[in-house]
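This is what each chain is made of:
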Protein chains: 2
Amino acid sequence: MTVGQQGRGPSIWARPQRGTRGPSPEYRLADIAAAAIRLASAGGLAAVSMRAVSAELDTTASTLYRYVASRDELLDLMVDNALAGFVHTPRSGEDWLGELVRLAEATRSLYVSQPWLLDAVPTGSAPGPNTLRWFEHCLQAIAALDRTPLQKMEAVGVLNGVIMLFARSAAAPTAIDFGAMDPARHPLLTSVLTGTAPGLPTADLFERTIRAVLGGLLDDRAG
Amino acid sequence: MTVGQQGRGPSIWARPQRGTRGPSPEYRLADIAAAAIRLASAGGLAAVSMRAVSAELDTTASTLYRYVASRDELLDLMVDNALAGFVHTPRSGEDWLGELVRLAEATRSLYVSQPWLLDAVPTGSAPGPNTLRWFEHCLQAIAALDRTPLQKMEAVGVLNGVIMLFARSAAAPTAIDFGAMDPARHPLLTSVLTGTAPGLPTADLFERTIRAVLGGLLDDRAG
DNA sequence: CCTATATTGCGAACGTCGTTCGCGGTTAGA
DNA sequence: TCTAACCGCGAACGACGTTCGCAATATAGG
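Residues numbered from 1 in each chain as written. Chains lettered and ligands numbered in written order. Predicted model: local features only at pLDDT ≥ 70, side-chain atom pairs only at ≥ 80, totals over all residues. Heavy atoms only, no water.

With that settled, consider the interface of chain A and chain B. Chain A puts 50 residues into the contact, and the matching count from chain B is 51 residues. The junction of chain A with chain B conceals about 4200 Å² of combined surface from both sides, 70% of it contributed by carbon and sulfur atoms. Our count for the chain A to chain B interface comes out at zero salt bridges. Linking chain A with chain B are six residue pairs in polar contact (both at pLDDT 80 or more), by the criterion used here. Elements supplying a minimum of two residues to the side of chain A that touches chain B: helix 7 (129-141), helix 8 (149-171), helix 9 (187-195) and helix 10 (205-218) of chain A. (Contact = heavy atoms within 4.5 Å. Buried area = accessible area lost by both parts, 1.4 Å probe. Salt bridge = Lys/Arg side-chain N within 4 Å of Asp/Glu carboxyl O. Polar contact = N/O pair within 3.5 Å; in protein donor to acceptor, adjacent residues only side chain to side chain. Helix = DSSP H or I, 4+ residues; strand = E, 2+ residues; numbered from the N terminus.)

Shown next, in the form of structure tokens:
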């Protein structure tokens, strides 16, 4: 592969195959990604260091650079590997909004089950095949709508952002320190925080938000 | 101050003042935050290392720990210092949705002008006085609405998330490498990407999204 | 006034990190 | 057979966050 030195070519996904010369590689990208995901599931993305991942595979850090040009590329690999677990099948007779809500909830549950994704996705600048498959599913659901491609792309981008937003608030149990709050200066905030238990978001807040956003952006009445 | 060793008390904002014993501190938190913001504006949040910030102030890294318990606390300081530049005054006769849209656009422009905020905010778990002031403004705008405090809090949280989402997409000019895209496998995505210039989001997409979200979550017809 | 105590700035160090370099060994093409 | 490409790996580099201990300094209490 020899990616470490020369490899500032295209992204991992469109990298030329290895030559046939030397010994065959001892590891596969899928195994490397799986080892990294194992560490991330246990200790968050911070636990995914090149040394830790290589140790998980009983090798050394420098060996990893035969397969991956940088840690960010390894994160790209992890993201796409995790998104391989995303499945979505349209149901006959389902309206596009209902299908997208269902797709959004499946996506969110995937983010929630693997919270490190929320930290890894912003880094990634090279969407892998499974990420593209997710986009394709979204576009498929709204294919019949009479909107410009750009509008559809924007809507899907916002959809993804809203999903990550809700997944993030579900993953972080609001360990916020309000030590700076002065009841005199912030009366409304004080009454809200003391009046009711902060708690988790309303159960249907996610679906309502999705419907509000997509309905507002793609519904035929808008424009 | 002696924060580095004993300082695992409350957050920076609710920290006991320094005693009167020793020599008076040579630096102020505001100056430290300003120096860090200067570095972040120039080179992103990655340029804000304890050594770099201390060098900016002509001192050493260990000195910083007299003022700040950790790098994350320094980031909290930076965020609140940047949010000090946020101003918002309600206009008489303005409806709540219009006011929130105006507030949202002011917030977004602040995020866009200082993109490191988007990386620093997720870290911060201790909102400073200026952050609380922002929340207070939001709650003020919807004070007259007949919604439960929890619903209002949720809506403000979603509002903030949407603002950051749009600020992020405006800050990162879509340097995405689509090298993995196979036209056969992803026909819709291919047609969208080749058919139109990716470009920036529609001009009014932000406002329309804000209105869709807040209208859907807080309007009297919903619920 | 004198002394104990608290506080400051700082040099040095520790462990970890991402990444690079060069070596010896291995395989396939010329 | 020889050469060029490829592999795994040990060692190192520079940077990072953070801790520790020391000399200097200023106040509080007697």
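Picking up where we left off.
The next point concerns the packing of aromatic side chains. Residues and elements named next belong to chain B. Under the counting rule described, the total for this entry stands at six aromatic pairs over all chains. With centroids separated by 6.1 Å and ring planes inclined at 80 degrees, the aromatic side chains of Tyr 27 and Tyr 67 adopt a geometry described as edge-to-face. Highlighted residues: Tyr 27 in the segment before helix 1 (29-43) and Tyr 67 in the loop between helix 3 (61-64) and helix 4 (71-83), separated in sequence by 40 residues. For the pair Tyr 27 and Tyr 67, a shared accessibility class is recorded, and that class is buried. Aromatic pair Phe 166 and Phe 206: ring centres 5.2 Å apart, planes at 65 degrees, arrangement edge-to-face. With Phe 166 in helix 8 (residues 149-171) and Phe 206 in helix 10 (residues 205-218), this pair connects stretches of sequence that are 40 residues apart. (Phe/Tyr/Trp six-rings, centres within 6.5 Å; stacked < 30°, edge-to-face > 60°. Buried < 20%, exposed > 50% of the residue type's maximum accessible area, 1.4 Å probe, protein only.)

Moving on, we get to the packing of helix 9 of chain A against helix 7 (residues 129-141) of chain B. For the pair helix 9 of chain A and helix 7 of chain B, the least separation of the axes is 8 Å and the interaxial angle reads 85 degrees. On the basis of their axis angle, the class for helix 9 of chain A and helix 7 of chain B is roughly perpendicular. Each of Pro187(A), Leu188(A), Leu189(A) and Val192(A) in helix 9 of chain A lies in contact with helix 7 of chain B, whose residues at this interface are Leu132(B), Phe135(B), Glu136(B), Leu139(B) and Gln140(B). Grouping the constituent residues of the contact of helix 9 of chain A with helix 7 of chain B by class yields seven nonpolar, one polar and one charged. (Axes fitted to C-alpha atoms, helices over the stretch in contact; angles between N-to-C directions. Parallel < 35°, antiparallel > 145°, perpendicular 65-115°, else oblique. Nonpolar A, V, L, I, M, F, W, Y, C, P; charged D, E, K, R; others polar.)

With that settled, consider the side chain of Ser11(B). You can see Ser11(B) is positioned in the segment before helix 1. Residue Ser11(B) is classed as buried on the basis of its relative accessible area, which comes to 7%.

Our focus in this paragraph is the nonpolar core. If you look at the biggest cluster of nonpolar residues, it comprises 134 residues, and the most contacted ones within it are Met78(A) and Met78(B). Broken down by element, this core gets its largest block of residues, 10 residues, from helix 8 of chain B. Here Met78(B) is in contact with Ala33(B), Ala36(B), Ile37(B), Ala40(B), Leu45(B), Val48(B) and Trp116(B), once residues within four sequence places are set aside. (Core = buried A, V, L, I, M, F, W, Y, C linked by side-chain atoms within 4.5 Å.)

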